[in-house]
Amino acid sequence: MALADVIIIISRGGGAFVSRWLHVIVGITWIGLLYYFNFVQVPAFAEMEAAARNNAVDKLASRALWWFRWAAVATVVTGIMILLFQTGTGNKSQLFDMDYMKSSEGIAIATGILLALTMFLNVWGVIWRNQKIVIANARNVQAGGEADPNAAAAGRKALLASRQNAIFSFTMLLFMVGTGHFFDNIKLFKQFPSGSERGAYWAIAVIIWLVLELNCLGVIGGTGQNLTNKIYDSHKNALIAGGVLVVIYYLAFYVTLKA
Ligand code: HEM
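Since this is a predicted model, take the numbers as computed values, not measurements. (Residues numbered from 1 in each chain as written. Predicted model: local features only at pLDDT ≥ 70, side-chain atom pairs only at ≥ 80, totals over all residues. Heavy atoms only, no water.)

Student: Is there a simple way to explain the overall build of the protein in this structure?
Tutor: Summing up its helical and strand segments, the protein has 7 helices and 0 strands in all. The order of α-helices and β-strands along the protein, N terminus first, is α-α-α-α-α-α-α. Residues classed as buried in the protein amount to 40% of the 259 residues present. For the protein, contacts bridging at least 24 residues in sequence account for 77% of all contacts bridging at least 6. Of the roughly 13,200 Å² of accessible surface on the protein, 70% is carried by carbon and sulfur atoms. Taken as two groups, the 20 positive and 13 negative side-chain charges of the protein have centres that lie 1 Å from each other. (Helix = DSSP H or I, 4+ residues; strand = E, 2+ residues; numbered from the N terminus. Buried < 20%, exposed > 50% of the residue type's maximum accessible area, 1.4 Å probe, protein only. Contact = heavy atoms within 4.5 Å. Areas by Shrake-Rupley, 256 points an atom, 1.4 Å probe, with all protein chains shown as cover. Lys, Arg positive; Asp, Glu negative; His and termini not counted. Charge placed at Lys NZ, Arg CZ, Asp CG, Glu CD.)

What follows is the structure, encoded as structure tokens:
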């Protein structure tokens, strides 16, 4: 083996090692804060008096949101770095390896990435955009200013996207971790499923993903408290919906791609 090949292999291996390690650290920072918001902060804020809540939004939530949104950026960047450094089929980087993406392993990581990227867009495009309005309002009211009439609606939009992210997160992690630990089991899943098998899987996976995402954006039933938004009514409902979604995605994967 030529020295150049050895250097490529070591840098790829080292790169994948470091980016995977960083990826897990920033990933747990992001998702840990997501769970803090959903399971701790939202229920606590609901019980707090307005003045105390405004102070907590100003001093506590604003800081938590800083770590939350930048950890989300770092997770996406380090995730792409793993794909870049890790080899798929042969010696090709996974990022440019279409054959890898057609394997059960590749389909698993692509599903995890689809959900994670959607969650990332929800963080920056919906949650943070609306939380800026909530934080500005809390600071303004604390300083003696008029309350912003749009703040409650902004808070509601952020809440729906945040609960949907919590729901997606369990399935996203099933596929993130499962890529290297469950879905690469060729006794259970075809290593290289056919085009129609892949098509069947993606049809189911994409429809469920799209319906849920459109729902949390209010496109299907609005942002009010109606039947389609039941899964967002409480963090308990979101937990149950998240668990059910894991089972549905696993079954979809198993039924369409089993060996
Ligand atoms: C768009 C965003 C993301 C991308 C591109 C991405 C990419 C990846 C890749 C390529 C792997 C390696 C899979 C393998 O070959 O075993 C991986 C693993 C993993 N990712 Fe992500 N990921 C993203 C988001 C997340 C998020 C939000 C989390 C939250 C904690 C996360 C946590 C993990 C974990 C725990 C592993 C497993 C590491 C292992 O078993 O070795 N990822 N990710």
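Student: Whenever I open this one, the coordination of the iron atom of the ligand confuses me. Can you help?
Tutor: Under perfect tetrahedral coordination by four donors, a metal shows angles of 109.5 degrees; under perfect octahedral coordination by six donors, it shows angles of 90 or 180 degrees. Note on the iron atom of the ligand: its protein donors are His-23 (NE2) and Met-176 (SD). The metal-donor distances range over 2.0 to 2.3 Å. In this structure, the iron atom of the ligand is surrounded by 6 donor atoms whose angles at the metal cover 84 to 179°, and the resulting shape is octahedral. One end of the pair, His-23, is in helix α1 (residues 3-47); the other, Met-176, is in helix α5 (residues 151-181), and 153 residues separate them in sequence. For His-23, a relative accessible area of 15% translates into the label buried. Look at Met-176 and you get partly exposed, because its relative accessible area is 22%. (Donors = N, O, S within 2.8 Å, 3.2 Å for Na, K, Ca; no water. Tetrahedral: all angles 85-135°; square planar, octahedral: opposite > 155°, others 65-115°.)

Student: It is not clear to me how the packing of helix α6 (residues 195-216) against helix α7 (residues 235-257) should be interpreted in this structure. Could you clarify?
Tutor: Each pair of packed helices gets described by two things: the angle between the helix axes and the distance between those axes. Orientation of α6 relative to α7, taken along the N-to-C sense of each, is 165°, at an axis distance of 8 Å. On the basis of their axis angle, the class for α6 and α7 is roughly antiparallel. The two elements α6 and α7 cross, and the hand of that crossing is right-handed. Contact with α6, carried on its side by Glu-197, Arg-198, Ala-200, Tyr-201, Ile-204, Ala-205, Ile-208, Trp-209 and Leu-212, involves Leu-245, Ile-248, Tyr-249, Ala-252, Phe-253, Thr-256 and Leu-257 of α7 and no other residues of that element. Residues that form the contact of α6 with α7 fall into these classes: 13 nonpolar, 1 polar and 2 charged. (Axes fitted to C-alpha atoms, helices over the stretch in contact; angles between N-to-C directions. Parallel < 35°, antiparallel > 145°, perpendicular 65-115°, else oblique. Left-handed = near helix turned anticlockwise from the far one by under 90°. Nonpolar A, V, L, I, M, F, W, Y, C, P; charged D, E, K, R; others polar.)

Student: Mind showing me how you'd approach the nonpolar core here?
Tutor: Generally speaking, a soluble globular protein has its nonpolar side chains buried in company with each other. Judged by nonpolar contacts, the single largest core of 51 residues is most densely connected at Trp-30, Phe-68, Phe-175, Tyr-201, Tyr-249 and Phe-253. Those elements that provide at least two residues to this core are α1, α2 (50-85), α4 (104-142), α5, α6 and α7. Residue contributions to this core peak at 13 residues, all from α4. When residues no more than four places from it in sequence are discounted, the contact partners of Tyr-249 are Thr-111, Leu-115, Thr-171, Phe-175, Tyr-201, Ala-205, Ile-208 and Trp-209. (Core = buried A, V, L, I, M, F, W, Y, C linked by side-chain atoms within 4.5 Å.)

Student: I tried to follow the side chain of Gln-94 on my own but got confused; where do I start?
Tutor: Here Gln-94 is to be found in the loop between α2 and α3 (98-101). By relative accessible area, Gln-94 is classed as buried at 4%.

Student: I tried to follow a nonpolar patch on the surface on my own but got confused; where do I start?
Tutor: Where nonpolar side chains cluster on the molecular surface, the patch consists of Val-206, Ile-207, Leu-210, Val-211, Leu-214, Leu-217, Val-219 and Ile-220 and spans about 640 Å² of accessible area. Relative to the helices and strands, Val-211 is located in helix α6. In this structure Val-211 comes out as partly exposed when scored by relative accessible area, which is 44%. (Patch = residues over 30% accessible without salt bridge, like charges linked within 9 Å, V, L, I, M, F, W, Y side chains within 5 Å. Salt bridge = Lys/Arg side-chain N within 4 Å of Asp/Glu carboxyl O.)

Student: Help me out: how do you make sense of the packing of aromatic side chains in this one?
Tutor: A ring pair, where both rings are aromatic, is described by two values, the distance of the centres and the angle of the planes. As enumerated under the stated definition, the model contains 18 aromatic pairs in all. Both rings, one in Tyr-35 and one in Phe-170, keep their centres 6.0 Å apart while their planes meet at 55°; by these two values the pair is tilted. Remark: Phe-170 occurs in helix α5 and Tyr-35 occurs in helix α1; sequence separation between them is 135 residues. Relative to Phe-253, the ring of Tyr-201 lies with its centre 5.3 Å away and its plane at 75°, an arrangement referred to as edge-to-face. Remark: Phe-253 occurs in helix α7 and Tyr-201 occurs in helix α6; sequence separation between them is 52 residues. By relative accessible area, Tyr-201 is classed as buried at 0%. Ring-pair connections join several aromatic residues into one group, and the members of that group are Phe-175, Phe-182, Phe-183, Phe-189, Tyr-201, Trp-202, Tyr-249, Tyr-250, Phe-253 and Tyr-254. For Arg-69, the ring lying beneath its charged end belongs to Trp-128, and the centroid distance is 3.6 Å. (Phe/Tyr/Trp six-rings, centres within 6.5 Å; stacked < 30°, edge-to-face > 60°. Lys NZ or Arg CZ within 6 Å of the ring centre and 35° of its normal.)

Student: Got a minute to help me understand the site of the ligand in this structure?
Tutor: In the region of the ligand, 25 residues are neighbours, and Arg-20, His-23, Gln-86, Met-176 and His-181 sit closest. In the model, an oxygen atom of the ligand is placed 2.9 Å from a nitrogen or oxygen of the Gln-86 side chain. The site holding the ligand turns out to be the largest pocket. Within the residue set of the shell around the ligand, elements represented by two or more residues are α1, α2, α4 and α5. A per-class count over the shell around the ligand returns 16 nonpolar, 8 polar and 1 charged. (Near = heavy atom within 4 Å. Polar contact = N/O pair within 3.5 Å; in protein donor to acceptor, adjacent residues only side chain to side chain. 1 Å grid on protein atoms, 1.4 Å probe; cavity = no way out; pocket = protein on both sides within 12 Å on 5 of 7 lines; lining within 4 Å. Sits in = over half its atoms within 2 Å of the grid points.)

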